[in-house]
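# A closer look at the structure
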Amino acid sequence: MYMKIGVLALQGDFAEHMAMLRRIGVQSAEVRLPDHLQDLDGLIIPGGESTTIGKLAVAYDLIEPLRQFAAQKAIWGTCAGAIFLSKDARRPQPLLEVMDITVERNAFGRQVDSFEVDLEIPELQVVQPGSGPYHAVFIRAPLIESVQKDTRVLAALPDGRIVAAQQGRLLATSFHPELTQDDRFHRYFVRLAEGKVTTLG
Ligand code: GLN
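Parameters and conventions
- Residues numbered from 1 in each chain as written.
- Predicted model: local features only at pLDDT ≥ 70, side-chain atom pairs only at ≥ 80, totals over all residues.
- Heavy atoms only, no water.
- Buried < 20%, exposed > 50% of the residue type's maximum accessible area, 1.4 Å probe, protein only.
- Helix = DSSP H or I, 4+ residues; strand = E, 2+ residues; numbered from the N terminus.
- Pairing = 2+ DSSP bridges.
- Core = buried A, V, L, I, M, F, W, Y, C linked by side-chain atoms within 4.5 Å.
- Contact = heavy atoms within 4.5 Å.
- 1 Å grid on protein atoms, 1.4 Å probe; cavity = no way out; pocket = protein on both sides within 12 Å on 5 of 7 lines; lining within 4 Å.
- Points joined across faces, edges and corners; volume = space filled by probe spheres on them.
- Nonpolar A, V, L, I, M, F, W, Y, C, P; charged D, E, K, R; others polar.
- Near = heavy atom within 4 Å.
- Polar contact = N/O pair within 3.5 Å; in protein donor to acceptor, adjacent residues only side chain to side chain.
- Areas by Shrake-Rupley, 256 points an atom, 1.4 Å probe, with all protein chains shown as cover.
- Sits in = over half its atoms within 2 Å of the grid points.

Moving on to the pairing of strand β3 (residues 42-45). Strand residues, when the strand is regular, have side chains that alternate between the two faces of the sheet. Of the two faces of β3, the one holding G42 and I44 and the one holding L43 and I45 are both buried throughout. Taken together, the 3 bridges between strand β1 (residues 4-8) and β3 define a ladder with parallel strand orientation. Looking across to β3, one finds that V7 is bridged to I44. Relative to strand β4 (residues 74-78), β3 is paired through 4 bridges, and the arrangement is parallel. Paired with L43 across the two strands is I75, which belongs to β4.

Right under this line is the structure:
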């Protein structure tokens, strides 16, 4: 199926997402203005600084168009992007408020600003049956404090704290698949954008 995925290119590591999409053979486009959302099947909001992304989205009149997009199409937020998708970040900053998750920014404190950990993510078996654990990279990451309504947990740390969630075609990850060589999450997202919403178990 012909696919075109946009990457919100206001701030942050959008180039890495574009490179990963190229690698898996999916057409991509940078999104900076409301018009750029036309003809897209899905949108990725990259990591970076969620306050900056939010302020720029306000300045470019993108908030309402992005909310309308979220009502119809797939959106995936990584790290700052996950914060921007959330209903509640526990402090005032512009948010899309489209996903029923509450996040805590910079939840891991200073000592462990950045860390990497292997996660068991059963849903990734859908894109690559028999594949092993997922090596996740966290950089000044948020936690998904809680999920509400019909939002499901896709991945948690060994202590149970939530780091990935999905609500219909909306996906949020605290970590950065675009900074690894593992393309399973990008392929998983393309499936969501195609309308293949998977529910395991
Ligand atoms: N700490 C950033 C924020 O709160 C997110 C960091 C990231 O995207 N790597 O927005």
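A few words now on the nonpolar core. Of all hydrophobic cores here, the largest spans 37 residues; its most connected members are L119, F138 and F175. Within the residue set of this core, elements represented by two or more residues are β1, α1 (14-23), β4, β7 (114-119), β8 (134-139), β10 (152-156), β11 (162-167) and α5 (184-193). Ranked by residues supplied to this core, first place goes to α5 with 6 residues. Beyond its immediate chain neighbours, meaning those up to four positions away, F175 contacts T78, C79, L119, I121, Y134, A136, V137, F138, V163, A164 and F185. L8, L62, A82 and V98 belong to the second largest nonpolar core, which has 33 residues in total.

As a further point, take the layout of surface pockets. Within this model, the largest pocket holds a volume of roughly 190 Å³. Grouping the amino acids of the lining of the largest pocket by side-chain chemistry returns 5 nonpolar, 5 polar and 3 charged.

Turning next to the site of the ligand. The full set of residues close to the ligand is G47, G48, E49, S50, C79, A80, I83, R105, N106, I139, R140 and H176. Interatomic distance of 3.0 Å between a backbone N/O atom of I139 and a nitrogen atom of the ligand. Taking H176, its side chain carries an N or O atom lying 2.9 Å from a nitrogen atom of the ligand. Here the ligand has 300 Å² of accessible area as a free molecule, and 93% of this is covered by the chains. Spatially, the ligand is embedded in the largest pocket. Along the lines of polarity and charge, the residues of the shell around the ligand split into 4 nonpolar, 5 polar and 3 charged.

On to α5, then. Within α5, 8 of the 10 residues are buried, which leaves the element mostly enclosed by the surrounding structure. Listing the buried residues of α5 in full gives R184, F185, H186, Y188, F189, V190, L192 and A193. Note on α5: the residue one or two positions beyond its end, G195, has a positive phi of about 95 degrees.

Time to look at the side chain of D182. Structurally, D182 can be placed in the loop between β12 (170-173) and α5. Separated by 2.8 Å, the side chains of D182 and R184 make a polar contact. Apart from the residues within four sequence positions on either side, D182 is in contact with M20, R23, Y134 and P177.

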